[in-house]
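Chain and residue survey
One letter stands for each residue in the lines below.
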Amino acid sequence: ATPTDQPDLTACDREPIHLLGAVQSFGFLLAVSSDWLVSRASENLADHVGTAWDIALGQPLHAVLSQDAVHDIRNRIAYLQGEDSVERLLRIRLKPDLPEYDVAIHFSRGSIIIEGEPSGPAGHEDIGITVRSMLMRQSQSSSMQNFQLNAVRQIRAITGFDRVMLYRFDQDGAGEVVAESVASKRESFLGLRYPATDIPRQARALYLRNVLRVIADLQDPGARVLPERDLHGHPIDLSMSVLRSVSPVHIEYLTNMGVRASLSISVVCEGRLWGLIACHHHAPLRPSLEQRTAAELFGRMFSMMLESREREETAGYEQRSRAIADRLMAVVAQDAKLLHDPEWIGETIGAAIPNDGIGVYLDGRIALSGMAPDEGQFRALIRDLSTGAASQIVITDHLSQLHPPAAAYAERAAGMLAIPISRSPRDYVVLFRAEKVRSVRWAGDPQKAMEEDAHGVRLSPRKSFEAWRQLVQGVSEPFAAAERRVAEAVRTSLLEVVLLLSEERESDQA
Ligand code: BLA
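Residues numbered from 1 in each chain as written. Predicted model: local features only at pLDDT ≥ 70, side-chain atom pairs only at ≥ 80, totals over all residues. Heavy atoms only, no water.

**Focus: the site of the ligand**
So the rule is basically this: If a single non-hydrogen atom of a residue is within 4 Å of a molecule or strand, that residue counts as near it. Polar contact criterion, stated in full: a pair of N or O atoms within 3.5 Å, where within protein one must be able to donate a hydrogen and the other to accept it, and residues adjacent in sequence count only if both atoms are side-chain atoms. Calculation of accessible area relied on Shrake-Rupley with a 1.4 Å probe; when residues are assessed, cover is drawn exclusively from the protein chains displayed.
Looking at the ligand, there are 27 residues lining it, with C12, Y207, H250, S264 and H280 nearest. Here D198 contributes a backbone N or O atom positioned 3.0 Å from a nitrogen atom of the ligand. Separating an oxygen atom of the ligand from a side-chain N or O atom of H280 is a distance of 2.8 Å. When the free accessible area of the ligand is taken as 880 Å², the share hidden by the protein chains comes to 98%.

This is how it looks when you write it as structure tokens:
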């Protein structure tokens, strides 16, 4: 194949989504210099504050907004902490004759960016009250599943979107809808998987910094921010903007999905983008900045609660593994013969980590149980293992990829966790997991993101989101990170016992 036959997988990653130079037209944007002169304005300025954008350019801000409003904005700026911080003002009068507006303010490349949009209907309860009661409800959910479902239900209740999903990334960047609250009569997306390419890299990086995005109407042509280039030739950087217009590629994607408005809130755990709370609506919908602020605040708190729940789960595992390691030590210390009993060792370790079969190789002896391969096959596997990096735990959910002969017994033993249990290179406890023919439900054929046009094959958003089943064979249920830690703990304590016993033997002989 020639290079032009290859799909350009990086095209999406290169789109400068923060430099598109436009805002959504439900609000306006003004950039002012440090001496409070307007340096840029969105072309729809007149629709909001009555002054044409080109008349505003070069004017002091108080020629466009009232002195009082400028005063409020100046006071708020004192709270800004560098480029990634954004301050908000709710329900202010930008001019005496205008309705109330909500305003977001931040710095971008030395300019002050002021974005305004009409406030929502009055009479809503205070954000603090709303979010407080949402959080109280969250803390009452017992299971993780319930905790996640509650979150999407509550977000749907306060924003009114048709569909609210909790979308979780796996380590490869693909994602899955793990919780959903959806209006009746609409199909469910629960359990659907989406390929990593649906959300390009720079978008993920941006969503870590700016955790909230609204698209009020996908058919809004937007308002350009002018002049496009400043005196230094730079386009405006809208990374932290609340009105940023969205990439045309993504607009096409959501349109293909049958969506007209969206809101998404980043879920950030331990500094990583864990996932998103993604909201869709079939018609234009603009939650007010106040409602979005409540949703954002909830999202930030939800992230922290999720992080701490996940930590608790992990701590639980680790406690269990320590207990098993301790028990092992205690028993062996009583009866050192057990250390040379492959069956006993296999059972003890196997009790700690779910498996379908166990193989042990110890001092040249073999013990096999459950769905383990036969003795010849197991010997061949051990031979292969012992040529690898010494004394390392080896984990796979697709054994035949590491050890091709395993294809012959993939049904019985497709996954493996191999723990070296002594300093002799061949002594191993190997836990096997049987094949699990998994049916992965992708939203649309993930390969169909590649389309051919005049410029060759390129990535474009999938047009069909109909569930697309992929059968995965020769693969087991994966071993989790926590199971690796259990294995590490057990291995360390076994090595310690062996060392201890050999020292005792030496001192006995002395
Ligand atoms: C952004 N893609 C996104 C976002 C989501 C998705 C959630 C964040 C923007 C937002 O808040 O809407 C994808 N939306 C999903 C998924 C679900 C969902 C998976 O509701 C599941 C239920 N997209 C593609 C391809 C490209 C692409 C092939 O499919 C590139 C050619 C681009 N996606 C793309 C871009 C953005 C994006 C550029 C950034 C949009 C922006 O913030 O400007």
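**What about the sheet that holds strand β14 (residues 357-362)?**
Think of a sheet as strands paired side by side through backbone hydrogen bonds, with each pair either parallel or antiparallel. Heads up, the rule is: Note: two strands are recorded as paired if DSSP finds a minimum of 2 bridges between them. Strands are runs of DSSP state E lasting at least 2 residues, helices are runs of H or I lasting at least 4, and numbering of each runs from the N terminus. Axis definition: a line fitted to C-alpha atoms, over the contacting stretch in the case of helices. Angles run 0 to 180 degrees between N-to-C directions.
The five strands are arranged β15-β14-β18-β17-β16 in an open sheet whose pairing can be described as antiparallel. Only two strands of the sheet have a single partner each, and these edge strands are β15 (365-370) and β16 (394-396). Averaged over all neighbouring strand pairs, the angle between strand axes comes to 10°, with direction disregarded. Here β14 pairs with β15 via six bridges, running antiparallel. Across the sheet, residue V360 finds its bridge partner in β15, namely A367.

**What to know about a negative patch on the surface**
Applicable threshold: Note that patches include only residues with greater than 30% relative accessible area and no salt bridge, and the join distances are 9 Å for like charges and 5 Å for nonpolar side chains (Val, Leu, Ile, Met, Phe, Trp, Tyr). Any carboxyl oxygen of Asp or Glu within 4 Å of a side-chain nitrogen of Lys or Arg constitutes a salt bridge here. None of His or the chain ends enter the tally, which takes Lys and Arg as positive and Asp and Glu as negative. Note that the charge is assigned to NZ on lysines, CZ on arginines, CG on aspartates and CD on glutamates.
Side chains of E503, E504, E506 and D508 sit close together on the surface and give a patch of like negative charge. Turning to its location among the elements, E504 is positioned in helix α13 (residues 481-509).

**As for the layout of surface pockets**
Condition: The method works on a 1 Å grid over the protein atoms by themselves. A cavity is a set of points holding a 1.4 Å probe that cannot get out, a pocket is an open set with protein on both sides within 12 Å along at least five of seven lines, and residues with an atom within 4 Å of a point line them. Grid points are joined across faces, edges and corners, and a volume is the space filled by probe spheres set on the points. All amino acids are sorted into three groups, where Ala, Val, Leu, Ile, Met, Phe, Trp, Tyr, Cys and Pro are nonpolar, Asp, Glu, Lys and Arg are charged, and the leftover types, Gly among them, are polar.
The calculated volume of the largest pocket comes to roughly 2000 Å³. R168, F169, D170, Q171 and P478 are the residues nearest the centre of the largest pocket, which is lined by 49 residues in total. Here the element with the most residues in the lining of the largest pocket is helix α9 (residues 289-334); it accounts for six residues. Among the residues forming the lining of the largest pocket, the class breakdown is 22 nonpolar, eight polar and 19 charged.

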